[in-house]
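Fold and contact review
Each chain, written out:
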Amino acid sequence: MTDSSKRLYRGWWVHAGLFICAAVVVGSSSYTFGLFVVPVTDELGMSRATISNGYIALLLGVALLSPLVGRLLDKVSARLVILSGGVTYSGGLFALTLTDSNWLLLLIIFIPVAYGYTACGTLAINTVIVRWFRRRRGTALGIMAVSTSTGGFLMAPFTATMIENFDWRNALLINSAIVLLAITLMTLLLVRNRPLGSEAGFDREFQTSPENSSAAGQNPPNDEKNWTYRELITNRNFWLLTLAIGLMLFCDQAMVTAQVPYFQDIGIDLSAAALIISCMTASAICGKLLVGYLADRVDLRFVFIGIALAHIALQVLYILQPTYWVLLIFATLLGVAIGGVFPAWSTLLAWLFGTGSYGTVMGLMTIITKGMAIVGVRMVGEIYDAAGSYVPAFYVFICAAALSVLLALFLKPPIDERPLQ
């Protein structure tokens, strides 16, 4: 026996580097956007509706660029793609500080910021992770899903402090420097494209025999299919999974904008509403880890169905409008399952389509899922304006989640599926 069998699998070092990349990029964008609303509108004289177009521009840019970035991740060095994303994203944040033009601000967000976000965010990170893990793929993706919450937890208060002590432009400059430094260091020091097959622990992770995988420089078995766009758009599983995930994001993204106003509508003050959101966020982090753990041990379709049923239960809870403490307790409990949407998506995608074209598949799916999310955000506001209540929207979300359950039931596992336990 050699000491190599006791050494930490190299994939976890890659995981750590990618975790930091995702945390700084998502933490300095999605989680901090709201912090810039007041100072930017006050200085530039734009309306709240106008500045909200910035977030829509980011979502649209990510949706449209995802197929390109996904294809690049499969065809060229993932390290190079992630590094280019970090440089472009950092440059985009810097460019935002140099202009007062509304249209130029939107263009910068739509192209360089959105590209950087996509090339360093969930799409790129998960594409590399699934290459490095098989037996513990669900666990690795579940832990990785926590990176975005960690980024928000760290970057939001830091950015708020920078805005208060300096101004919004200097806060963006500081975040730009942090992103550039973190992405550059992590890609150079820790991130690697894929395992060679000679790493300590590789044979255990991929269930190969040591004599077949320990030879120096030997590549791991490459039996993963390379999918073309034509094959994907005619594939039954592709549409079932895309629509199932899209329906869940349709609900999730709309609820992000509707929950706090709904709580206030039923007589809960802002601080008490914030406590519910905080508890659900903490619970969702636990949910990401739990779903990742279960994904390595339970049929992935059942994991996804459990998440969808939790969404339905949450909508029913909101419709019933219970007392505050009942709402707090059950919303927190249900948050455990709701946090698992992204790790469930990532593991299902790798299970159904393999890792050879993971970036291509997820990139193409993202166009549709992001579009459905944008529709959900717009729809919930339209329903409230028409009905004066969010309750009709909750019924729509129940139907959407129920439909996602039916779609998941029809997912067909790969023919060559083998147990990895």
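Residues numbered from 1 in each chain as written. Predicted model: local features only at pLDDT ≥ 70, side-chain atom pairs only at ≥ 80, totals over all residues. Heavy atoms only, no water.

1. Some points on the overall build of the chain
Helix and strand counts for the chain stand at 18 helices and zero strands. In terms of overall dimensions, the chain is globule-like: its C-alpha atoms have a radius of gyration of 22 Å, near the 22 Å expected for 421 residues. The principal-axis extent of the C-alpha atoms belonging to the chain is close to 65 × 50 × 40 Å. When burial is assessed residue by residue, the chain has 52% of its 421 residues classed as buried. The contacts of the chain with a sequence gap of at least 6 include a subset with a gap of at least 24, amounting to 81%. Distance between charge centres in the chain, computed from 26 positive and 23 negative side chains, equals 10 Å. (Helix = DSSP H or I, 4+ residues; strand = E, 2+ residues; numbered from the N terminus. Rg over C-alpha atoms; globule rule 2.2 N^0.38 Å. Buried < 20%, exposed > 50% of the residue type's maximum accessible area, 1.4 Å probe, protein only. Contact = heavy atoms within 4.5 Å. Lys, Arg positive; Asp, Glu negative; His and termini not counted. Charge placed at Lys NZ, Arg CZ, Asp CG, Glu CD.)

2. Some thoughts on the state of the cysteines
In a disulfide, the sulfur atoms of two cysteines are held together by a covalent bond. Using the criterion set out here, one finds zero disulfides in the structure. In this model Cys120 remains outside any disulfide bridge; the closest cysteine sulfur is found in Cys21, 6.4 Å from its own. Judged by relative accessible area, which is 0%, Cys120 ranks as buried. Here Cys279 is not disulfide-linked; the sulfur of Cys286 is the nearest cysteine sulfur, at 11 Å. (Disulfide = S-S within 2.5 Å.)

3. Looking at helix α16 (residues 341–353)
With 13 residues, α16 ought to run about 18 Å at 1.5 Å a step, and its terminal C-alpha atoms sit 18 Å apart, in line with that. Of all 13 residues that make up α16, twelve are buried, and the element is covered over most of its length. Buried within α16 are the following residues: Val341, Pro343, Ala344, Trp345, Ser346, Thr347, Leu348, Leu349, Ala350, Trp351, Leu352 and Phe353. Positive backbone phi, approximately 75 degrees, marks Gly354, located one or two places after α16. (Expected span 1.5 Å × (residues − 1).)

4. Looking at the environment of Ile398
Along the chain, Ile398 falls in helix α18 (residues 391–409). In sequence terms Ile398 and Leu328 are 70 residues apart; their C-alpha atoms lie 20 Å from each other. Those residues in contact with Ile398 that sit more than four places away from it in its chain are Ile312, Gln315, Val316 and Ile319.

5. Some points on the confidence of the model for the chain
Atom-level detail of predicted coordinates should not be read off regions where pLDDT is low. When pLDDT is averaged along the chain, the result is 86, and 92% of the positions lie at 70 or above. Note that residues 209–223 has pLDDT below 50 and, in this model, 25 contacts with residues that lie over four places away or in other chains. Taken together, the stretch residues 416–421 has pLDDT below 50 and engages in nine contacts with residues farther than four places along the chain or on a different chain. (pLDDT = per-residue confidence, 0-100.)

6. Considering the pattern of salt bridges
Applying the stated criterion across every chain, the model contains five salt bridges. The partner of Asp299 in a salt bridge is Arg301, with the nearest N and O atoms 2.8 Å apart. Look at Arg301 and you get buried, because its relative accessible area is 19%. Taken together, the shared-partner salt bridges in this structure form one network comprising Glu43, Asp100 and Arg169. (Salt bridge = Lys/Arg side-chain N within 4 Å of Asp/Glu carboxyl O.)

7. So, a nonpolar patch on the surface
A cluster of nonpolar side chains, contributed by Leu290, Tyr293, Leu294, Val298 and Phe302, occupies part of the molecular surface with about 440 Å² of accessible area. If you tally residues by element for the nonpolar patch, the top one is helix α13 (residues 270–295), at three residues. Among the structural elements, Tyr293 can be located in helix α13. (Patch = residues over 30% accessible without salt bridge, like charges linked within 9 Å, V, L, I, M, F, W, Y side chains within 5 Å. Areas by Shrake-Rupley, 256 points an atom, 1.4 Å probe, with all protein chains shown as cover.)

8. Here's the deal with empty space enclosed by the protein
If you walk through the whole model with that rule in mind, you get one cavity of 30 Å³ or more. Its volume calculated, the largest cavity comes out at about 420 Å³. As for the largest cavity, its lining consists of 23 residues, of which Phe33, Phe36, Gly54, Leu96 and Ile109 are closest to the centre. Listed by contribution, the elements that provide at least two residues to the lining of the largest cavity are α3 (48–75), α4 (78–96), α5 (102–120) and α8 (168–189). (1 Å grid on protein atoms, 1.4 Å probe; cavity = no way out; pocket = protein on both sides within 12 Å on 5 of 7 lines; lining within 4 Å. Points joined across faces, edges and corners; volume = space filled by probe spheres on them.)

9. Notes on helix α12 (residues 236–265)
Over its 30 residues, α12 runs 42 Å from end to end, which matches the ideal 44 Å to within 8%, given 1.5 Å per residue. Of all the bends in α12, the greatest, near 45 degrees, is centred on Ala258, and the proline Pro261 appears no more than four residues after it. Where α12 begins, one side-chain oxygen reaches toward the backbone nitrogen of Asn237, 2.9 Å away; that side chain belongs to Asn235. A positive backbone phi angle near 95 degrees is found at Gly267, which sits one or two residues after α12. (Bend = angle between axes of the 7 residues up to and from the residue. Polar contact = N/O pair within 3.5 Å; in protein donor to acceptor, adjacent residues only side chain to side chain.)

10. Quick look at the side chain of Arg137
Tracing the chain through its elements places Arg137 in helix α7 (residues 137–165). Relative accessible area serves as the criterion here: at 11%, Arg137 is assigned to the buried category. Aside from chain neighbours lying at most four places away, what touches Arg137 is Val130, Glu205, Asp296, Thr347, Ala350 and Thr355.

11. Quick word on the packing of helix α14 (residues 300–320) against α18
Across the interface, α14 lies against α18 with an axial gap of 9 Å and an inter-helix angle of 165 degrees. With respect to α18, the element α14 is oriented roughly antiparallel. Note on packing geometry: the crossing formed by α14 with α18 is left-handed. Each of Arg301, Phe304, Ile305, Ala308, Leu309, His311, Ile312, Gln315, Val316, Tyr318 and Ile319 in α14 lies in contact with α18, whose residues at this interface are Val391, Phe394, Tyr395, Phe397, Ile398, Ala401, Ala402, Ser404, Val405, Ala408 and Leu409. For the contact of α14 with α18, the class distribution of residues is 18 nonpolar, three polar and one charged. (Axes fitted to C-alpha atoms, helices over the stretch in contact; angles between N-to-C directions. Parallel < 35°, antiparallel > 145°, perpendicular 65-115°, else oblique. Left-handed = near helix turned anticlockwise from the far one by under 90°. Nonpolar A, V, L, I, M, F, W, Y, C, P; charged D, E, K, R; others polar.)

12. Remarks on the nonpolar core
Grouped together as the largest cluster of nonpolar side chains are 135 residues, with contacts concentrated most on Leu241, Phe353 and Phe397. If you tally residues by element for this core, the top one is α12, at 15 residues. (Core = buried A, V, L, I, M, F, W, Y, C linked by side-chain atoms within 4.5 Å.)

13. A short note on the environment of Leu188
Tracing the backbone through its elements, the reader meets Leu188 in helix α8. Note: C-alpha distance between Leu188 and Arg79 (109 residues apart in sequence) is 8.1 Å.

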